[in-house]
Amino acid sequence: KVSETITCSYCSNLNRGGCLGQKKGQRLVTTRLATQTVGADWQVGNVYDDLDNLERAIAIADADIYKEQLDTKEELDAFAEQRRPLVKDLFRFVVLPLALASILTFLTNSKTCKGARLLAPLMIRLFDIEFWSNVVALPVIMLRSKQKSLPPPDPLPEKLQKWADLDMLHMFSATELSSEYDWDDPKSSCKDHVLCLLEQWKSSVLGIAMMGVLLSFLPPTSSAFWLAVAISQFFNRLGAIASLHQYPSLLFQLQRRKQPRPMDRFQVNLSSRVNMMLSMAPFGIAASLAKIMVIVGN
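Residues numbered from 1 in each chain as written. Predicted model: local features only at pLDDT ≥ 70, side-chain atom pairs only at ≥ 80, totals over all residues. Heavy atoms only, no water.

### As for a nonpolar patch on the surface
There is a patch of nonpolar side chains on the surface, built from Leu86, Leu90, Phe91, Phe93, Val94, Val95, Leu98 and Met293 and spanning about 700 Å² of accessible area. For the nonpolar patch, the element with the highest residue contribution is helix α4 (residues 86-108), accounting for 7 residues. Structurally, the position occupied by Leu98 is in helix α4. For Leu98, a relative accessible area of 42% corresponds to the partly exposed category. (Patch = residues over 30% accessible without salt bridge, like charges linked within 9 Å, V, L, I, M, F, W, Y side chains within 5 Å. Areas by Shrake-Rupley, 256 points an atom, 1.4 Å probe, with all protein chains shown as cover. Salt bridge = Lys/Arg side-chain N within 4 Å of Asp/Glu carboxyl O. Helix = DSSP H or I, 4+ residues; strand = E, 2+ residues; numbered from the N terminus. Buried < 20%, exposed > 50% of the residue type's maximum accessible area, 1.4 Å probe, protein only.)

Have a look at this one:
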């Protein structure tokens, strides 16, 4: 039902006649107020239940944003924990490999201890096998297997189809495609951190992998060529380590403590392989340096 109230637009008083506004010729304003007539069986609900339902709905709507904030905080905390004096890394990756390489070289060229002369080359050979299998062949094989297991990419949105027809899709950045068009280019997207890390790892060792295939068919006899191979092994091992640390956020997603469940087999296998390679890196670097020193000494 609708009720009407007549007021004066000048003095805002109820129109009872003879007010100041009417004396000055002001018009009257009619306000219509609509009210709803409810049944007698209507009762006020529990306000606390309504509040719980509202908070639950807000939490569901903001769940993705809240998860992103927690992931960002966890990532920043992990980066903060990695801050340490540079002396520790210098000792682990510079001083220790140089000392071990000098010891292996001395034992290889030793003329007094025959056991050491046999043990040192054996250790160098074992780390050669570890290099070709764990550093070179592993990322190539895992990347190929990962690419075969990927689902088909999402179709291109209609808004981007005209740019693709003009071959101008490269003008859009990956962030712009994901945020504005809700589409990820499979060639440049890094949402799959396992795939991106394997691609970076493979790109750093692809050259020496081709060299290894060539060596298996045409073994060289020149010591200068073996020296070039040993130097390549040394720098490719360092390049593989650097490729994994090129984007710290991807490496963090691989090694984070609170991994989203369930984890696929590529996540588990790559995480264990990367940890093993990084833990053996000082000894592998020492073996490569010792191999170079032995070839140069001979």
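Still more ground to cover, so stick around.
### Remarks on the pattern of salt bridges
On inspection of all chains with the given rule, the structure shows 8 salt bridges. The shortest N-O distance in the salt bridge between Asp77 and Lys73 comes to 3.1 Å. One end of the pair, Asp77, and the other, Lys73, are both in helix α3 (residues 63-81), 4 residues apart, so they sit about a helical turn from each other. One network of salt bridges, with partners in common, ties together Lys67, Asp71, Glu74 and Arg256.

### Let's talk about a negative patch on the surface
Residues Asp49, Asp50, Asp52 and Glu55 make up a contiguous surface patch of negative charge. Tracing the sequence through the fold places Asp50 in helix α2 (residues 47-61). Note on Asp50: relative accessible area 47%, which makes it partly exposed. (Lys, Arg positive; Asp, Glu negative; His and termini not counted. Charge placed at Lys NZ, Arg CZ, Asp CG, Glu CD.)

### A short note on the packing of aromatic side chains
Inspection of every chain in the model, using the stated rule, returns 3 aromatic pairs. Ring geometry for Phe131 versus Trp132: centroids 5.4 Å apart, planes at 80 degrees, classification edge-to-face. For the ring pair Phe234 and Phe235, a centre distance of 5.1 Å and an interplane angle of 75 degrees mean the geometry is edge-to-face. Looking at Phe235, the relative accessible area reads 53%, which means it is exposed. (Phe/Tyr/Trp six-rings, centres within 6.5 Å; stacked < 30°, edge-to-face > 60°.)

### Thoughts on the nonpolar core
Grouped together as the largest cluster of nonpolar side chains are 27 residues, with contacts concentrated most on Val135, Trp201, Val205, Leu254, Leu270, Val274 and Met277. At the level of elements, α5 (114-149), α8 (193-217), α9 (223-244), α10 (248-255) and α11 (265-279) are the ones that each hand at least two residues to this core. No other element matches α8, which puts 9 residues into this core. For Val274, the contacting residues outside a window of four places in its chain are Trp201, Leu244, Leu251, Leu254 and Gln255. Within the second largest apolar cluster, 10 residues are counted, among which are Ala120, Ile124, Leu289 and Ile292. (Core = buried A, V, L, I, M, F, W, Y, C linked by side-chain atoms within 4.5 Å. Contact = heavy atoms within 4.5 Å.)

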